[in-house]
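What the coordinates show
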Amino acid sequence: MSLDLIILGSSAATPTRERNLSSIALRYRNQIILFDCGEDFQRRFAEAGLKFNKPLMIFISHFHGDHIIGLPGFLFRLSLNERTAPLSVFGPRNLFLYLYTHYKILGLKAKYPIKIVEIDYTTGELIEFEGLESETPKTTSKITDKIIFDTKYFSMKFALVDHSVITYAYSFIEKPRPGKFNPERVRELAIPESHLWSKLQEGQMVEFNGKEIDPNKEGIVGPKRPGRKITYSGDLRPTKSLIDLGKNSDILIHEATFAVKLAEIAKEKKHSTSTDAAMDAKEMNAKQLILTHISTRYQEDALKLLEEAKEIFPNTILAEDLLKIELK
Ligand SMILES: [Zn+2]
Ligand SMILES: [Zn+2]
C-alpha cells in the first residue's frame, strides 16, 4: 500500500517566496494525515494535488502562529467545498476553544463530520468534541501507551517535548503488513479468483471446498513485513521523549531552525540546531532525516544546515516545499 509524504511548508516563523510555514502531509490508504497548518498552507495543499474531499486527520504540534494559523482558513475553504468526508483534528488543550471562537465570531461552519480531540498530557486523557457548536465534550478517554489513534492499519502516538509552550511530537506507525502475495500458489490450489483472493492476500484464513486454508502455511503469502514509521518533531529542544517516540523511524522530520554557530540562541529560544536534529536521528536509529522549519536567515545558504547535519547523520535531506517522498 503506497505511503507518501509531501512537504507543504518548511519555513520557520515567516513565509518566504520559496518556503511556506510549517505543514506536512502523508497520503495513505485513501486518506490524508497532516502535521501542522501554517498560514496559507491550503495553497500548497492544492498545488500538491491533494484532494479536498478525502478523509483527513490533522495533528497540531503546538499553538505558535506559524503552526496553526492556517487551520481556520482551511476549514472555511472546506465548508465552501461541500465536503462530506470526515475530519478529525488533534492537538493540545484549548484546540476546541480556538476553533469555537471562529465559529462564534466568524461563523465558521462544518457540514461534514468533524471531531476535535484535545490531548491532555497532565491527566493522560483525550477529550473529544463533536462538531464546532457544542462546548461540552462528547467523550473523555484514557490514553494508553501514548496511543491517541488506533485502527487496523496504523496507529498514531504522541510525546510531550521541550519547547516554550506545550508541544507534542507525533509518530505515524503502520502495523506489520502481510507478506508478499504468490498468486501462482493460489492457482495451483485451484481457488478461483474471487473475494477469497483478497482475504488470502491480507493473510486471512479462508474456507474452500470444505477445507481451511492458511495462506501462511500454504506459501500463499510470505513472512509479514514490518510496517513503516514516520515521526514529526514539532518545535523543540532535544528531548528524550522524542527519541523514545521515534525509535527506528523510517523518516524523522525534525525542525532545524538554526545552524550550529547559533546554538546559544537555539537554546534560549527552545529550538534545535542542524546538529541537534542529526543527533536525535542517530540516537533513535532513524533511517532518514528531513530538516525543516528553516529560519529566514538561511534563505540563501540553507545548504549549510544540511552539511552540518550530514557530518553526524549522512542520510539527511533538506525540506523544500512540495518535495515528495514515497516510502517503499
Ligand atoms: Zn515554529
Ligand atoms: Zn514554536
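Residues numbered from 1 in each chain as written. Chains lettered and ligands numbered in written order. Predicted model: local features only at pLDDT ≥ 70, side-chain atom pairs only at ≥ 80, totals over all residues.

Here we come to the overall build of the chain. The helix and strand tally for the chain stands at ten helices and 18 strands. A compact globule built from 328 residues should have a C-alpha radius of gyration of about 20 Å, and the chain, at 21 Å, falls within 12% of that. Projected onto its principal axes, the C-alpha coordinates of the chain cover approximately 70 × 50 × 40 Å. For the chain, buried positions account for 42% of its 328 residues. (Helix = DSSP H or I, 4+ residues; strand = E, 2+ residues; numbered from the N terminus. Rg over C-alpha atoms; globule rule 2.2 N^0.38 Å. Buried ≥ 20, exposed ≤ 12 C-beta atoms within 10 Å, placed from the backbone.)

Attention shifts here to the nonpolar core. Within the largest apolar cluster, 77 residues are counted, with the highest numbers of intra-cluster contacts made by Leu-34, Ile-58, Ala-169, Leu-289, Leu-291, Leu-305 and Ala-309. When residues no more than four places from it in sequence are discounted, the contact partners of Ala-169 are Ser-61, Phe-158, Ala-159, Val-161, Thr-231, Tyr-232, Ser-233, Gly-234, Leu-236, Leu-242 and Leu-245. (Core = buried A, V, L, I, M, F, W, Y, C linked by C-beta atoms within 7 Å. Contact = placed C-beta atoms within 7 Å.)

Here the focus is the domain arrangement of the chain. Here the chain is described as being made up of domain 1 (3-177 + 226-327) and domain 2 (179-225). Averaged C-alpha coordinates put domain 1 and domain 2 at centres separated by 39 Å. (Domains from an automatic or database assignment.)

Moving on: the sheet that holds strand β9 (residues 147-150). Overall, mixed pairing links the seven strands, which are arranged β9-β10-β11-β14-β15-β16-β17 in an open sheet. Each edge of the open sheet is held by one strand with a lone partner, namely β9 and β17 (316-318). Geometrically, the sheet is characterised by an average inter-axis angle of 15 degrees between neighbouring strands, direction not taken into account. Judged from the three bridges that link them, strand β14 (residues 229-232) and strand β15 (residues 251-255) form a sheet pairing that is parallel. Counterpart to Thr-231 in the pairing with β15 is Leu-252. Of the strands in this sheet, β15, β16 (288-292) and β17 are in contact with helix α9 (residues 274-283), which crosses β15 at around 155 degrees. Those strands touched by helix α10 (residues 303-312) are β16 and β17, and its axis lies near 170 degrees from that of β17. (Pairing = 2+ DSSP bridges. Axes fitted to C-alpha atoms, helices over the stretch in contact; angles between N-to-C directions.)

This next bit is on the environment of Tyr-28. For Tyr-28, the position within the fold is in strand β2 (residues 23-28). Between the alpha carbons of Tyr-28 and Phe-172 there is a distance of 11 Å; along the sequence they are 144 residues apart. Beyond its immediate stretch of four places on either side in the chain, Tyr-28 contacts Leu-3 and Ile-33.

With that settled, consider the pairing of β16. Among the five residues in β16, four count as buried, and that is most of the element. Where β15 meets β16, five bridges bridge the pair, whose relative direction is parallel. Along β16, the bridge assignment pairs His-254 with Leu-291. Sheet topology places β16 next to β17; three bridges connect them, and they run parallel. Bridge pairing links Leu-289 to Thr-316 in β17. Note on the crossover from β16 through α10 to β17: the handedness is right-handed. (Right-handed = clockwise from strand over helix to strand, strands pointing away.)

Moving on, we come to unusual backbone geometry. A positive phi angle, near 80 degrees, is found at Asn-94, a position not held by glycine. You can see Asn-94 is positioned in the loop between β5 (87-92) and α4 (95-106). Residue Asn-94 is classed as exposed on the basis of its 12 C-beta neighbours within 10 Å. Residue Ala-190 is not a glycine yet carries a positive backbone phi of 60 degrees.

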